[in-house]
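What follows is each chain in one-letter form.
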Amino acid sequence: MAQEKLLLIPGPSPVVPRILDVLARPTVSHVGPDMVHDLKEACENLKEIVFCESGEPFIVSGAGTLSMEMALLNTVGPGDRVLVLSQGYFGDRMAQICKAFGLDHDVLECEWGRAVTPGELDRGLKTKNYNVVVCTHVDTATGACAPVEEYGQVLERTGSLFIVDGVCATGGIPERMDAWGIDVVLTAAQKCLGAPPGLSILVLSELAMEKRRGLPAVPAYYSDLLRWLPIMHDPSKYFSTPCVNEIRAFAEATRLILEEGLEERFERHELYAEALRAGLAAFGFSFFTNPSFPASTLSVVRYPDGVEDKAFRAGLSDNGVVVAGGLGPTAGRVFRMGHMGNLTSAQVRFAVEAVERTLAGLGRAVKPGDGRDAVDGVLKA
Ligand code: PMP
């Protein structure tokens, strides 16, 4: 078997043995008591994770992109206009989905590295009437975190439905649906939630459900949330065979999250982000993301002069850590390191030591222990 490496790409994140053990259990009936129990518990836990008292959770086979599609198709009706806030790659994807389904939409974008500001949103809303506003909480290409709470305050005055793409945030960065006026959180299992890939996950507020119920037929069948609603209320019913093992593993992932405590988990993400960045900075790396919009779930890292992307990432992989390259215009200029989910401080230290070994292997003058000391300075502070 190939030697196991520490997976620090911006999703999927490493899946801990406790969750993998559940994934490996024998497949049970999709409408039997074990599945009914686990899906119901996963739904309840999911509502807690996004701070939603009375909305409707949905957990179906798929991935984040299907969640994006489902969110739009179930909330945008004929005659509606959508405003897509795009700070990068995944905001652009949201616009592409609008285009694919012929939804009337405008894109309010900003340069890569930051997010649209609440002031820019406010000005954008004055130009036209928008029924639905969509944002990306953390754009995984740029590492920029959007000010979702402030967007919610701006939108309070407009009555627009507010959709948040939490694929790179949910379970790692707060998304307080009720308090912030979010109507849909869409996400996926494989990043901050720490479960294996394979699920589309959404939570809709009562208002969003009301909107869906008021829409005429939506241009979807599998993606029609009203077909899934009876299953989420009573998983002993059948609509389409769910991925039993992934859902049971996801239920375990949500238990682990609530056992850790949400606020503790958010703080841990902040702490490890700071520690890893301190370690990387000690070796001369710098950061692509505008410092006013940092996400605690990944770092987009610029190379010091003379360090070549492909050689660095290949060397780092040989030293036991897998990171991702840049997307779009940043390709070749940065690497992206995910630090989300159920990471440990030992893994944070291991990652920085692997960077040190890699740089030394590339012939760079590194002072042994510098990165580790910087990490410890943060973790022990
Ligand atoms: N939105 C964001 C912010 C993402 O990071 C991703 C995946 N990297 C997606 C959507 C799409 O998710 P998936 O790859 O699971 O379809």
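Refer to the structure printed above.
Residues numbered from 1 in each chain as written. Predicted model: local features only at pLDDT ≥ 70, side-chain atom pairs only at ≥ 80, totals over all residues. Heavy atoms only, no water.

Points about the overall build of the chain
Looking only at helices and strands, the chain has 14 helices and 15 strands in total. For the chain, whose C-alpha radius of gyration is 21 Å, the value lies close to the compact-globule estimate of 21 Å for 381 residues. Taking the principal axes of the C-alpha coordinates as reference, the chain spans close to 65 × 55 × 35 Å. Looking at the chain as a whole, 58% of its 381 residues are labelled buried. Pairs at least 24 residues apart make up 72% of the contacts formed inside the chain by residues separated by at least 6 positions. Across the chain, 36 positive and 48 negative side-chain charges occur, with their mean positions spaced 4 Å apart. (Helix = DSSP H or I, 4+ residues; strand = E, 2+ residues; numbered from the N terminus. Rg over C-alpha atoms; globule rule 2.2 N^0.38 Å. Buried < 20%, exposed > 50% of the residue type's maximum accessible area, 1.4 Å probe, protein only. Contact = heavy atoms within 4.5 Å. Lys, Arg positive; Asp, Glu negative; His and termini not counted. Charge placed at Lys NZ, Arg CZ, Asp CG, Glu CD.)

Observations concerning the pairing of strand 3 (residues 81-86)
Within strand 3, 5 of the 6 residues are buried, leaving the element largely enclosed by the surrounding structure. With 6 bridges joining them, strand 3 and strand 4 (residues 104-109) adopt parallel strand pairing. From the neighbouring strand, S86 faces strand 4, where its bridge partner is E109. In this region the chain leaves strand 3, passes through helix 4 (residues 89-100) and returns to the parallel neighbour strand 4; the handedness of that crossover is right-handed. When strand 3 meets strand 5 (residues 132-136), the two strands line up parallel, connected through 4 bridges. The residue of strand 5 that forms the bridge with L83 is V133. (Pairing = 2+ DSSP bridges. Right-handed = clockwise from strand over helix to strand, strands pointing away.)

Considering the packing of aromatic side chains
Scanning the model with the defined rule gives 12 aromatic pairs in all. The interplanar angle of 35° and the centroid separation of 5.1 Å between the aromatic rings of F312 and F335 together place this pair among those described as tilted. Taken as a pair, F312 in helix 12 (residues 309-318) and F335 in strand 15 (residues 334-338) lie far apart in primary sequence, 23 residues in all. Through successive ring pairs, a cluster of aromatic residues spans Y221, Y222, W228 and F239. The positively charged end of R176 is found above the aromatic ring belonging to F51, 4.7 Å away from the centroid. (Phe/Tyr/Trp six-rings, centres within 6.5 Å; stacked < 30°, edge-to-face > 60°. Lys NZ or Arg CZ within 6 Å of the ring centre and 35° of its normal.)

Brief notes about the sheet that holds strand 11 (residues 286-287)
Within the open sheet, the 4 strands sit side by side as 11-12-15-14. Their pairing is antiparallel. Here the strands that pair on one side only, and so sit at the sheet edges, are strand 11 and strand 14 (324-325). Relative to strand 12 (residues 298-302), strand 11 runs antiparallel, the two being bridged by 2 bridges. Note that in strand 12 the partner of S286 across the bridge is R302.

Considerations on unusual backbone geometry
Cis peptide bonds are those with omega within 30 degrees of zero, and the linkage from G11 to P12 qualifies with -5°. Here P12 shows up in the loop between strand 1 (6-7) and helix 1 (17-23). Its identity is not glycine, yet F51 carries a phi of approximately 55°, on the positive side. With respect to the helices, strands and loops of the structure, F51 is situated in the loop between helix 2 (33-49) and strand 2 (56-61). On the basis of relative accessibility, which here comes to 24%, the residue F51 falls in the partly exposed class.

Re the side chain of R349
Topologically, R349 is positioned in helix 13 (residues 345-361). In terms of polar contacts, R349 uses its side chain to reach the side chain of D376, at 2.6 Å. Those residues in contact with R349 that sit more than four places away from it in its chain are R372, V375, D376, L379 and K380. (Polar contact = N/O pair within 3.5 Å; in protein donor to acceptor, adjacent residues only side chain to side chain.)

Concerning the packing of helix 2 against helix 10 (residues 244-260)
Across the interface, helix 2 lies against helix 10 with an axial gap of 9 Å and an inter-helix angle of 45°. When the axis of helix 2 is compared with that of helix 10, the two are oblique. As helix 2 packs across helix 10, the resulting crossing turns out to be left-handed. Contacts between helix 2 and helix 10 involve D34, M35, H37, D38, L39, E41, A42, N45, L46, E48 and I49 from the former and V244, I247, R248, F250, A251, T254, R255, I257 and L258 from the latter. (Axes fitted to C-alpha atoms, helices over the stretch in contact; angles between N-to-C directions. Parallel < 35°, antiparallel > 145°, perpendicular 65-115°, else oblique. Left-handed = near helix turned anticlockwise from the far one by under 90°.)

Structural notes on the nonpolar core
Ranked by size, the top nonpolar core spans 83 residues in total, and within it F58, I59, L72, L121, Y151, L202 and F250 carry the most contacts. By residue number, the principal contributor to this core is helix 10, which donates 8 residues. Each residue touching L202, except ones within four places of it in the same chain, is listed here: L46, E56, P57, F58, S67, M70, A71, V184, V185, L186 and L225. Among the nonpolar cores identified, the runner-up in size contains 27 residues, and L8, F312, M337 and L359 belong to it. (Core = buried A, V, L, I, M, F, W, Y, C linked by side-chain atoms within 4.5 Å.)

Things to note about the sheet that holds strand 3
Reading across the sheet, the 7 strands line up as 2-10-9-8-5-3-4 and stay open at both edges, with mixed pairing between neighbours. Looking at which strands have only one partner, the edges of the open sheet turn out to be strand 2 and strand 4. Across the sheet, the mean angle from the axis of one strand to that of its neighbour is 15°, orientation sign disregarded. Packing of helix 4 onto the sheet brings it into contact with strand 3, strand 4, strand 5, strand 8 (161-165) and strand 9 (184-188), and relative to strand 3 it is tilted by some 160°.

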